[in-house]
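Listed here are the chains, written in short residue letters.
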Amino acid sequence: YSRGIWIVPWVIVAGFIQSMQFIYVKPLFYNKRSRLIAIICTISAITNLFLNIALIPKFGYEIAAATTLLSYTIMTLGIMRFSRGYFDFGISWMVLIRCLSLVIFSNILIFAIFVYLGALWAILTMSIFVISYSLHNRDIVGDSEFLFGN
C-alpha cells in the first residue's frame, strides 16, 4: 500500500473539485438541462479515458490520478459555467480559489508530515489545522445564512 501514498493527494483534490460540481449541478437539474449535464460528463469521461490510454503505458498507473483530477476539473468548470446562467450562487471565484488553495496546502502539509514523521503526527497536525482554521474563519463564504439558512 505504501506505493499508493503518492496518489492520495491527487485523489483528495479531485474529490474536492468534484464536490463543487455537486453544488453547481442543481440549477441545471431543476431547469431540466439533463442533456447538457450528460454532454459535459461525457466530454469529461472521454477526456479521462483517452488521457489514461495515452499516458498509463508511458508513466504507469500513478498518472491516472492526475488525469482524473483534470477530467473532474473539466466537468466542474463546464457545470459551473452553465449553471451560473440559471442561479447566482453568491460565491465569488476568489472564495473557490481560496478553498482549493487551502485543500492543496493542507494536502502537501499532511502528506509531508505523514511521509517523514508517520500517520499519528499527520492526524494530529490535520486536526489542529482544521480546528484552528475553522475557529479563525467561521464564515468562509461571507454569508452563512445563504448556505445554512440560519
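Owing to the predicted nature of the structure, the values given are computational and were not obtained by experimental measurement.

How each quantity is defined
Residues numbered from 1 in each chain as written. Predicted model: local features only at pLDDT ≥ 70, side-chain atom pairs only at ≥ 80, totals over all residues. Heavy atoms only, no water. Helix = DSSP H or I, 4+ residues; strand = E, 2+ residues; numbered from the N terminus. Buried < 20%, exposed > 50% of the residue type's maximum accessible area, 1.4 Å probe, protein only. Contact = heavy atoms within 4.5 Å. Areas by Shrake-Rupley, 256 points an atom, 1.4 Å probe, with all protein chains shown as cover. Core = buried A, V, L, I, M, F, W, Y, C linked by side-chain atoms within 4.5 Å.

Looking at the overall build of the chain
Secondary structure assignment for the chain yields 7 helices and 0 strands. Along the chain direction, N to C, the helices and strands of the chain fall in the order α-α-α-α-α-α-α. A buried classification covers 28% of the 150 residues belonging to the chain. Pairs at least 24 apart in sequence give 72% of the contacts found in the chain among residues at least 6 apart. Summed over all atoms, the accessible surface of the chain reaches about 10100 Å², with 71% contributed by carbon and sulfur.

Let's talk about the nonpolar core
If you look at the biggest cluster of nonpolar residues, it comprises 20 residues, and the most contacted ones within it are Phe 16, Tyr 24 and Ile 79. Elements that contribute at least two residues to this core include exactly α1 (8-24), α3 (34-59), α4 (63-83) and α5 (93-117). Here this core gets 6 residues from one element, more than from any other, and that element is α1. For Phe 16, the residues in contact, after removing those within four places along its chain, are Cys 99, Leu 100 and Val 103.

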